[in-house]
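# Examination of the molecular architecture
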Amino acid sequence: MNPYPSWGNLPSRPPRRVFPLADRHALLPRDEVSLIPQGNGRSYGDVCLNGDGGLVLTRALDRFLFFDAATGVLRCEAGVLLSDILALAVPQGWFLPVTPGTQFVTVGGAIANDVHGKNHHGAGTFGCHVGGLELLRSDGSRSWCSPEVNPEWFAATVGGLGLTGLITWAELRLIPIHHPFLSVTSTRFGNLDEFFAINQEAEAQHAYTVAWIDCLAKGPQLGRGIFMAGDHAGPVSRLPKYRSHPRNVPVQPPISLINNLSLRLFNAVYARKPLGRPGGLMHYEPYFYPLDAVLHWNRLYGRKGFYQYQCVLPPAVGRDGVAAMLRAIAKSGQGSFLAVLKTFGDVSSPGMLSFPQPGVTLALDFPNLGDKTRQLFQVLDSLVAQAGGRLYPAKDARMPASLFRQGYPQWERFQNFIDPQFSSDFRRRMME
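These remarks concern the structure in this document. Quick caveat: nothing in here was measured; it's all calculated off a predicted structure.

Scanning the entire structure with this criterion turns up one cavity of 30 Å³ or more. Here the largest cavity is characterised by a volume of approximately 40 Å³. A breakdown of the residues in the lining of the largest cavity according to their chemical character gives six nonpolar, three polar and no charged.

For the pair helix H8 (residues 315-332) and helix H9 (residues 371-387), interaxial distance at closest approach is 10 Å and the crossing angle is 165°. Relative to H9, H8 is oriented roughly antiparallel. The way H8 lies across H9 gives a crossing that is right-handed. Taking contact as the criterion, the partners of Val317, Ala324, Met325, Ala328, Ile329 and Ser332 in H8 are, on H9, Lys372, Leu376, Val379, Leu380, Leu383, Val384 and Ala387. Among the residues making up the contact of H8 with H9, the classes are represented as 11 nonpolar, one polar and one charged.

A complete count under the given rule lists 18 salt bridges for this structure. A salt bridge links Arg224 to Asp214, with the shortest nitrogen-to-oxygen separation between them at 2.8 Å. Taken together, the residues Arg224 in the loop between strand S12 (208-213) and strand S13 (225-232) and Asp214 in the loop between S12 and S13 connect sequence positions 10 residues apart. A relative accessible area of 17% places Arg224 in the buried class. For Asp214, a relative accessible area of 3% corresponds to the buried category. We note a salt bridge from Asp396 to Arg429, for which the minimum N-O separation is 2.7 Å. Of this pair, Asp396 sits in the loop between strand S20 (390-391) and helix H10 (401-407) while Arg429 sits in helix H12 (residues 425-430); the two residues are 33 residues apart in sequence, bridging distant segments of the chain. By relative accessible area, which is 26% here, Arg429 ends up partly exposed. What you see here is one network of salt bridges that share partners, running through Arg13, Asp52, Asp425 and Arg428.

Relative to the helices and strands, Thr58 is located in the loop between strand S3 (54-57) and strand S4 (64-68). With relative accessibility at 5%, the residue Thr58 sits in the buried group. Leaving out residues up to four positions away in the same chain, Thr58 has contacts with Leu21, Pro37, Gln38, Gly39, Gly79 and Leu166.

Moving on to unusual backbone geometry. Positive phi outside glycine occurs at Asn9, with the angle close to 55°. Position of Asn9 among the secondary structure elements: in the segment before strand S1 (17-20). Non-glycine residue His296 carries a positive phi angle of around 60°. Along the chain, His296 turns up in the loop between strand S16 (294-295) and strand S17 (306-313). Overall, the relative accessible area of 33% leaves His296 in the partly exposed class.

Right, let's get into helix H5 (residues 192-205). Between its first and last C-alpha, H5 extends 20 Å over 14 residues, near the 20 Å set by a 1.5 Å rise per residue. Those residues of H5 not exposed but buried are Leu192, Phe195, Phe196, Asn199 and Ala202. Where H5 is buried, its residues contact strand S11 (181-189), S12, S13, H8, strand S18 (339-344) and strand S19 (359-367).

Taken as a whole, the second largest pocket spans an internal volume of roughly 420 Å³. The wall of the second largest pocket is formed by 22 residues, among which Pro5, Trp7, Asn9, His296 and Asn298 lie closest to the centre. Of the residues belonging to the lining of the second largest pocket, the class tally is nine nonpolar, 10 polar and three charged.

Here the focus is the sheet that holds S12. Strand order in the open sheet formed by eight strands is S15-S11-S13-S12-S18-S19-S17-S20, and the pairing between neighbours is antiparallel. Single-partner strands in this sheet number two, and they are strand S15 (280-283) and S20. Relative to S20, S17 runs antiparallel, the two being bridged by two bridges. Following the sheet pairing, Val312 is matched in S20 by Arg390. Packed on one face of the sheet, H8 meets S12, S17, S18 and S19 and runs near 20° to S19. Seen against the sheet, H9 touches S17, S19 and S20 and runs at an angle of roughly 15° to S17.

Basis of the calculations
- Residues numbered from 1 in each chain as written.
- Predicted model: local features only at pLDDT ≥ 70, side-chain atom pairs only at ≥ 80, totals over all residues.
- Heavy atoms only, no water.
- 1 Å grid on protein atoms, 1.4 Å probe; cavity = no way out; pocket = protein on both sides within 12 Å on 5 of 7 lines; lining within 4 Å.
- Points joined across faces, edges and corners; volume = space filled by probe spheres on them.
- Nonpolar A, V, L, I, M, F, W, Y, C, P; charged D, E, K, R; others polar.
- Axes fitted to C-alpha atoms, helices over the stretch in contact; angles between N-to-C directions.
- Helix = DSSP H or I, 4+ residues; strand = E, 2+ residues; numbered from the N terminus.
- Parallel < 35°, antiparallel > 145°, perpendicular 65-115°, else oblique.
- Left-handed = near helix turned anticlockwise from the far one by under 90°.
- Contact = heavy atoms within 4.5 Å.
- Salt bridge = Lys/Arg side-chain N within 4 Å of Asp/Glu carboxyl O.
- Buried < 20%, exposed > 50% of the residue type's maximum accessible area, 1.4 Å probe, protein only.
- Expected span 1.5 Å × (residues − 1).
- Pairing = 2+ DSSP bridges.

As C-alpha cells, then:
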C-alpha cells in the first residue's frame, strides 16, 4: 500500500525515498532517484506520484511572507493551503480570485495544476492571478518567474505539473469582498438544452456559475440538473449565522459505498431538494466547497479507489458531445455521484499545459470497477478525441498518451523546461 497516495486512492507504487522540506531556503536533495513535489495530495490521479522515485513533501512550507490589506497582494510559501489564505484574508475583506472545488490544496499545487473554478468565464484560471513565483531547480539555481520576468519559465511552471522544479513561494492578487456570504440563485433545468439557455444568460450576469447534473437520466430528461449562479454579496445590515460542522469518514470500507442503488437514491433526492429563495445568502464554504463538509470523503469509494474523468469540449460541438457522453454513461449503468457541468470562457490560460480552453467541461467520479470502468473510459476517450477536446491531467490516472498529446500540442516544447532530476508517474505515462 502506498503511504503517499493521491486523492483517488487507486493502487499505486510507493516512492523509494521521501524528502520532507521545511525550509524554502534549503536545496533539493541530490540523489540517484527522480523527484516530484507533493503538497496536500489532493490531485486525483498520478501527477503527484513517483513510484520507486522520490517525493519532496512541501506541506511544511506554510508561512505567510507578506500581506497588504489595502491592495490584496499576498506572498506566501508554496505549502500554504487555500483554507489558510481564506482564514487570513476573508476577515480583512479579501477572497481568492479563483478557487477549485476544495480549499484543502496548497498554493504550489494550485499553480502547478493551474486550477480553475466557477468563475472561469470572467476570471480565467488561478495562474492568471499569480504575480510571480520562485522556482528552485535541482542544480541549486533559483529564478523569479512572472509574466514579465522569465515569462517562458512562468508559462511552463503554471500548469507544469510540478515538473519544472520546485515552487518555493509565490505572490497572489486577491479580490475584495464585503463579507463571507454570496448571493446565490438555484434553478432546476430539465435537460441539456435548458442548461445551455440558462447558462448563457447567467454568465452574462453572475460571477460564478456551475451545474450539478443527473448523469443517469435518459431520453427527454438527458442532462437534467440544478444550476447555481452566485456573486459575492454586497453590504447587509445583518448576516446569517454560519458555523462549519465537518463530518468525517473514519475508515475505508472494503468495497465502494457508491453504487447504482446509492447513486439513484442520491440523484432522486438531490434533484428534488428545496432550492431556497433566489438571491438568498449562502456562506462561501457550502457554495464553493460542498465536499469539504465530509472529511476523507474519498474513502467512501473503498479500497480499490475511484477515477475522476474531466474533459473540455470545444463550443461548437460541446452540447452534442456532452449528450453523447451522458448517453454512453447511462447505457453503461456506471453513474457518477459527482457530476458537474459548466462552460469555460475566452480568458487565455497562462500555462503551456493549462487544461481550460473555451468550451464545455464535464467532471465525473467513477468507482474503480476494473475492466468495466476502463471500457467505459475507452468510449468516452473516443468521443473526446473526435470532438477535439482534452482531459484534465490533475484528475487523470489512465488516459492514453495519444489523447494527451493530441489535446496538449505544446507538450514537446514543454519538455525543454523539465528539470533533469524531476519526473512522475504521469510524465512517464504521457511523455516518455
